[in-house]
Amino acid sequence: MRNIICAGILCCAAALGLGACETKVKKIDACGDGVLDPGEDCDGNTLGISRCIDLGYYEQNGALVCNDDCTLDVSVCSFSCGDGQVQANHQEDCDGTNLPATTCAQIGLGGGQLSCSETCRYDVSACEGAAVCGDGEIMTPFEQCEGADLAGQTCEGLGFWGGALACDPEDCTWDTGPCEAFGRCGDGALQGAYEQCEGVELAGATCESLGVFDGALRCGADCRYDLASCQFITQLTAANLHACVRLSDGTVRCWGDNEGAQLGQPAPTDSVVPVEVPGLAGVVSVDAGSFFTCALLTDGTGRCWGGGTGGQLGHGVAEVSVTPVTVSGLGTIVRISAGYWQTCAVLSDGSARCWGLNQYGQVGDGTIDPRYTPVTVSGLAGVVDIGTGTYHSCALLDTGEVKCWGYNESGQLGDGIADHADECHNDDCSMLPVTVAGITNAVALAVGGDHACALLDDGALRCWGDNGQGQLGRDPLALPESASPVAPSSSSIANLRGVFAGGGHTCVLWYDDTLRCWGDNARGQLGDGTTTDSHLPRQPTGITNVDHVAAGSQHTCALPKTHDTVWCWGRNADGQLGDGTLVDSLVPVRIVP
């Protein structure tokens, strides 16, 4: 075999007698070819250095990326020796000409002038009493250590997650090399064993995945999840076939039936998960009605949306509005309640206003005429809360009394009178407020479909009206209805802190934050795993630590004290449980954010 040595590719054909040769020619070094060439910091996704600390920076917030000219974009890096700022938390004494002390005397080393070293430590070589590295004595603040004496410092004490701190024998400063292998919060690298997050790196977590309702998760300065930017639920309401929540940013989410556009979305498409009500912000509270919803804003005005064919939106027009409209002609509102066909509000002066359909006198102005804008409820003063049922309304006064007006065929006005002088379409009613009998120390009020309850200042409960399903807490066979307040038959219903009334059921909260419900259970709204009505209290399965409850027509929802989600149970034919399905649940299920 003979050796053939060629300087060019022509020898391939000439020397070997071949018609053609396959050759490989190295491309000229070029930025953008994805290969890290001499003189380039990076090229595309190829980085010579991935950590700001390797470039002399102290902190990193995000990943390093490559510029189009193959230089590193160091905008995510911050603070370094040489930036002119003294970073005391990164063991700098000085930086360039920035010297907190300028003379040796200022730091206790006699005569002479100080200067700043390249490592941003005082250069004390010109001082009369200069520290001597290696003499076995730590001369603070110029020396951090001496030999094995680290002055009690550790890697963890310097913010690293681990490692064995050493002393640099050249200048008696801490040698953090062994610490850096473990990393620290702010170095741009997620240390999964010690950190939940790092800068913008959240390890795939979201507010929702952490069990919080909504929002944009952030990483805190301690590399732990900062939930402050997540949206918590601050208030809960439920009505006929839908429910809503107010979030901590003042917006509203609703779910369930949307026949009247009560979700703030075009009717009639229901939603099995919460959707935001567009164009609504600065909400203080929200209240769900039959086929409409109302909200109180921070400026004291009211907004209503959805089915308003009875005038219950309060803006002067009997119509459906998918967009929240302003309630007309009111002063500062402090409470708002949306009923079946009527809406009522308490003003800051203690008076009450109502509007909407009024066929049974539920607006309380002495007539049965529909009211498309708010009118004053006659004879009321000192009102602190108000509630609306199917065709009746009630108010809690600052005296502890309760007044009710409207439909009374089931005794829901509670004044002990079964037949009033007023007749509304051949049914008994009162077009003006009447006093609920025997109640003088009420502190809370709950108005249901055709019944109502008052919580007294001693934690006792009194209810009146329809009891066909045991919603008053009494055996419906013995007491199908009551025109006067009665106490529930169970002695356990005492020492309460909250009461909530639904279409045909009632729920209460104890001071231990546990929940009990009784009454209609045809669709599982008592949450005890059955569909059996009960006039005795039943505890919803698996739910404790409850802060607030909202009871709809045949479903119930609860807000835990963590305010991070909502649990609902009962009827779900319209998606009112908010769990993404249309399946009834006899036990609490969690809504889908």
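Before going into details, it helps to say that this report is about the structure given with it. (Residues numbered from 1 in each chain as written. Predicted model: local features only at pLDDT ≥ 70, side-chain atom pairs only at ≥ 80, totals over all residues. Heavy atoms only, no water.)

So, the overall build of the chain
Operational definition: Strands here are runs of E lasting at least two residues and helices are runs of H or I lasting at least four, both read from the DSSP assignment and numbered beginning at the N terminus. Partly exposed describes any residue whose relative accessible area lies between the buried limit of under 20% and the exposed limit of over 50%, with all areas from a 1.4 Å probe on protein chains only and scaled to the type maximum. Pairs of residues are marked as contacts when any of their non-hydrogen atoms sit within 4.5 Å. In this description, accessible areas are obtained by the Shrake-Rupley approach with a 1.4 Å probe, and a residue is regarded as covered only by the protein chains that are shown. For the purpose of charge, His is not counted, nor are the chain termini; Lys and Arg are scored as positive and Asp and Glu as negative. For charged residues, the charge sits on one atom: NZ in Lys, CZ in Arg, CG in Asp, CD in Glu.
The helix and strand inventory of the chain stands at two helices and 43 strands. The burial tally for the chain puts 50% of its 593 residues in the buried class. At a minimum sequence separation of 6, the contacts of the chain that also span at least 24 residues come to 42%. Counting only carbon and sulfur atoms, one obtains 51% of the accessible surface of the chain, whose full area is about 25400 Å². Of the charged side chains in the chain, 25 are positive and 75 negative; the average position of the first set lies 7 Å away from that of the second.

What to know about the pattern of salt bridges
Rule in force here: Salt bridge, as used here, is a side-chain nitrogen of Lys or Arg placed within 4 Å of a carboxyl oxygen of Asp or Glu.
Throughout the structure, instances matching the rule amount to nine salt bridges. For the salt bridge of Arg497 with Asp513, the shortest nitrogen-to-oxygen distance reads 3.1 Å. Here the residue Arg497 occupies a position in strand β36 (residues 496–501), and Asp513 occupies one in the loop between β37 (505–510) and β38 (515–519), the gap between them amounting to 16 residues. On the basis of relative accessibility, which here comes to 27%, the residue Arg497 falls in the partly exposed class. Ionic contacts of the salt-bridge type, sharing partners, join the residues Asp214, Arg253 and Glu276 into one network.

Points about the state of the cysteines
Put simply, the rule is: Disulfides are defined as pairs of cysteine sulfur atoms found within 2.5 Å of each other.
Tallied over the full model, the rule gives 20 disulfides. In this model, Cys94 is linked to Cys116 through a disulfide, with the two sulfur atoms separated by 2.2 Å. Residues Cys94 and Cys116 are joined by a disulfide whose S-S torsion is about 95°; by sign, that bridge is right-handed. One end of the pair, Cys94, is in the loop between β6 (77–80) and β7 (115–116); the other, Cys116, is in strand β7, with 22 residues separating them in the sequence. Under the relative-accessibility criterion, Cys94 is labelled buried at 0%.

As for the pairing of strand β19 (residues 283–288)
Operational definition: The rule for pairing is simple: two strands pair if DSSP sees at least two bridges between them.
The element β19 is largely enclosed, with a buried count of five among its six residues. Between β19 and strand β20 (residues 292–297), which pair antiparallel one after the other, the connecting turn spans three residues.

Points about the side chain of His505
Let me state the cut-off plainly: Polar contacts, as counted here, are pairs of nitrogen or oxygen atoms within 3.5 Å of one another; within protein the pair requires one atom able to donate a hydrogen and one able to accept it, and residues that are adjacent in sequence qualify only if both atoms are side-chain atoms.
Mapped onto the secondary structure, His505 falls in strand β37. Taking the relative accessible area as the measure of exposure, His505 reaches 0% and is therefore buried. Polar contacts involving the side chain of His505 include one to the side chain of Thr556, which spans 2.8 Å.

A few points about the environment of Ala487
Here Ala487 lies in the loop between β35 (481–486) and β36. Considering only alpha carbons, one finds Ala487 and Trp464, 23 residues apart in sequence, at a separation of 9.0 Å. With near-sequence residues (within four places) excluded, Ala487 lies in contact with Leu461, Arg462 and Arg474.

Here's the deal with the sheet that holds strand β18 (residues 271–276)
As a reminder, the rule being used: Fitting a line to C-alpha atoms yields each axis, with helices limited to the stretch in contact; the angle taken between N-to-C directions then spans 0 to 180 degrees.
Taking strand neighbours across the sheet as the criterion, the four strands line up as β15-β16-β17-β18 in an open arrangement whose pairing is antiparallel. In this open sheet, the two strands that pair with only one neighbour each are β15 (233–238) and β18. Taken over all neighbouring pairs, the strand axes of this sheet differ in orientation by 15° on average, direction set aside. In this structure, β15 lies alongside strand β16 (residues 242–247), joined through five bridges in antiparallel fashion. Residue pairing for β16: Ile233 is matched across the bridge by Leu247.

Notes on the packing of aromatic side chains
Spelled out, the test is: Any two rings among Phe, Tyr and Trp, with Trp reduced to its six-membered ring, count as a pair given centres within 6.5 Å; such a pair is stacked if its planes are under 30 degrees apart, edge-to-face if over 60, and tilted if neither. Charge over a ring is defined by NZ of Lys or CZ of Arg lying within 6 Å of the ring centre and within 35 degrees of the ring normal.
Scanning the model with the defined rule gives eight aromatic pairs in all. Plain terms: the ring middles of Phe291 and Tyr340 are 6.5 Å apart, the flat faces sit at 70° to each other, and that makes the pair edge-to-face. Placement of Phe291 in the loop between β19 and β20 and of Tyr340 in the loop between β23 (333–338) and β24 (342–347) is noted, with a sequence separation of 49 residues between them. Tyr340 sits in the partly exposed class, given a relative accessible area of 27%. Clustering of aromatic rings is evident, with ring pairs tying together Phe291, Tyr340, Trp341, Tyr360, Tyr391 and Tyr407. A cation sits over an aromatic face here: Arg516 above Trp510, 5.2 Å from the ring centre.

A closer look at the pairing of strand β32 (residues 442–447)
Alignment of β32 against strand β33 (residues 451–456), held across five bridges, turns out to be antiparallel. Of the residues in β33, the one forming a bridge with Val447 is Ala452. Joining the antiparallel neighbours β32 and β33 is a turn of three residues.

Some points on the environment of Arg218
Among the secondary structure elements, Arg218 is positioned in strand β12 (residues 218–219). Taking the C-alpha atoms as reference points, Arg218 and Glu201, 17 residues apart in sequence, are found 9.0 Å from one another. Setting aside residues up to four positions removed in sequence, Arg218 forms contacts with Leu202, Arg224, Tyr225, Asp226 and Ser229.

Let's talk about unusual backbone geometry
Look at the link from Ala267 to Pro268: it is a cis peptide, with omega at 5°. Residues other than glycine seldom take positive phi values, yet Asn545 does so here, at roughly 55°. Within the secondary structure layout, Asn545 lies in the loop between β39 (534–538) and β40 (546–551). One non-glycine residue with positive phi stands out, namely His563, at about 60°.

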